[in-house]
Amino acid sequence: MKALVVYDSVFGNTEKIALAVGNSLGPKENIATLRVGDVKPDHLNALELLIVGSPTRAFRPTKAVDDFLNGIPSNGLKGVKVAAFDTRISTADVRSSFLRAVLSVMVRLFGYAAKPIADKLGKKGGSLIAPPEGFFVKDSEGPLKEGELERAAKWARQVTGAL
Ligand SMILES: Cc1cc2nc3c(=O)[nH]c(=O)nc-3n(C[C@H](O)[C@H](O)[C@H](O)COP(=O)(O)O)c2cc1C
C-alpha cells in the first residue's frame with residue numbers, strides 16, 4: 001500500500017498526530033508523512049491512501065491545506081481512498097461560560113476542519129473510508145489532551161482496516 005499523510009501545523013500538535021497516524025499505517029517504506037508545503041504533484045501518483053489533517057482555525061482548515069486541496073486536479077483522486085482529521089478545542093474546555101455558549105452555537109453552525117477537508121477530498125474523486133475525525137488540544141497552542149496520540153494511532157489502524 002502506498003500511503004501519504006499530509007498535514008499542516010502551527011504549534012506542532014497536528015504534526016504529532018500526523019506522525020502518530022503515519023507511523024501506524026503499516027510498513028514505513030510505503031508511507032510518507034509530509035507537511036503540506038513539501039508535497040509535490042508526484043507524491044500523489046499511484047497512491048492508494050491519502051490522509052489530510054489540519055488544525056481547526058476559525059472553524060476551517062488552514063489556508064495552506066485549502067490551497068493544497070484546491071490544487072488537486074478534478075478527479076485527481078479517482079481510485080484513491082481518503083480520510084481527514086483535524087485538531088480542535090472542545091467547547092467544554094473554554095473557561096468563560098459566556099464564550100462557551102457562543103462558541104457552542106458557532107461550532108454547531110460551522111463545525112471543525114476535518115469535515116470540509118473530507119468533502120473536498122471526495123469532490124476530487126477520492127473515496128472516503130472513515131468519518132472525519134478530530135483530536136483535542138487542551139488550549140490553543142496545545143498540548144494535546146492525554147491519550148490523543150494513542151487514539152490517533154488506533155484511528156489509523158481502523159482506517160487501514162477499512163482498505
Ligand atoms: C487563530 C486561531 C483560531 C482557532 N480557531 C479554532 C476553531 O474555530 N475551533 C477550534 O476547535 N479550535 C480553534 N483554534 C485552536 C486550534 O485548533 C489549535 O491551535 C490547534 O489545534 C493546534 O494545532 P497545531 O499545534 O498543529 O497548530 C484556533 C486557534 C487559533 C490560534
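Residues numbered from 1 in each chain as written. Predicted model: local features only at pLDDT ≥ 70, side-chain atom pairs only at ≥ 80, totals over all residues.

Help me understand the overall build of the protein chain, please; the structure alone is not making it clear to me.
In terms of regular secondary structure, the protein chain is built from five helices and six strands. Reading the protein chain from its N end, one meets helices and strands in the order β-α-β-β-α-β-α-α-β-β-α. For a compact globule of 163 residues, the expected C-alpha radius of gyration is about 15 Å, and the protein chain comes in at 15 Å, within 12% of that figure. Projecting the C-alpha coordinates of the protein chain onto the three principal axes gives extents of approximately 50 × 30 × 25 Å. (Helix = DSSP H or I, 4+ residues; strand = E, 2+ residues; numbered from the N terminus. Rg over C-alpha atoms; globule rule 2.2 N^0.38 Å.)

Please explain helix α1 (residues 13-23) as it appears in this structure.
Because an α-helix completes one turn every 3.6 residues, residues spaced three or four positions apart along the sequence face the same direction. Residues of α1 that are buried: N13, T14, I17, A18, A20, V21 and G22. Turning to α1, the residues buried within the fold contact β1 (3-7), β2 (31-35), β3 (49-55), β4 (81-89), β6 (133-137) and α5 (148-161). (Buried ≥ 20, exposed ≤ 12 C-beta atoms within 10 Å, placed from the backbone. Contact = placed C-beta atoms within 7 Å.)

It is not clear to me how the site of the ligand should be interpreted in this structure. Could you clarify?
The local shell around the ligand holds 19 residues, among which V10, F11, N13, T14 and T87 are the closest. At the level of elements, α1 and β4 are the ones that each hand at least two residues to the shell around the ligand. Each residue belonging to the shell around the ligand can be placed in one class, and the counts come to eight nonpolar, eight polar and three charged. (Near = placed C-beta within 6 Å. Nonpolar A, V, L, I, M, F, W, Y, C, P; charged D, E, K, R; others polar.)

Can you walk me through unusual backbone geometry in this structure?
Note on backbone geometry: most residues besides glycine have negative phi, and most peptide bonds are trans. For the bond running from G142 to P143, omega is 0°, close enough to zero to count as cis. Relative to the assigned elements, P143 resides in the loop between β6 and α5. Although it is not a glycine, F59 adopts a positive phi angle of roughly 70°. At N75, a residue that is not glycine, the phi angle is positive and equals roughly 60°.

Just to check I follow, could you spell out the packing of α1 against α5 for this structure?
A pair of packed helices is characterised by two quantities: the angle between their axes and the separation of those axes. Relative orientation of the contacting elements α1 and α5 amounts to 40°, with a least axis distance of 8 Å. Judged on the interaxial angle alone, α5 and α1 are oblique. Pair α1 / α5 crosses with right-handed handedness. Where α1 approaches α5, its residues K16, I17, A20 and V21 are matched on the opposing element by E148, L149, A152, A153, W155 and A156. Per-class residue counts for the contact of α1 with α5 are eight nonpolar, no polar and two charged. (Axes fitted to C-alpha atoms, helices over the stretch in contact; angles between N-to-C directions. Parallel < 35°, antiparallel > 145°, perpendicular 65-115°, else oblique. Left-handed = near helix turned anticlockwise from the far one by under 90°.)

Could you clarify how one ought to interpret the nonpolar core in this entry?
As a rule of thumb, nonpolar side chains are buried together in soluble globular proteins. Counting 39 residues, the largest nonpolar core has V21, L50, I51, V52, A84, I117 and L121 as the members making the most contacts within it. Among the secondary structure elements, those contributing two or more residues to this core are β1, α1, β3, α2 (63-71), β4, α4 (114-123), β6 and α5. Here this core takes five residues from β1, the largest share from any one element. Residue contacts for L50: discarding those within four places in its chain leaves L4, L77, V80, V82, L121 and G126. (Core = buried A, V, L, I, M, F, W, Y, C linked by C-beta atoms within 7 Å.)

Structural measurements only, silent on function.
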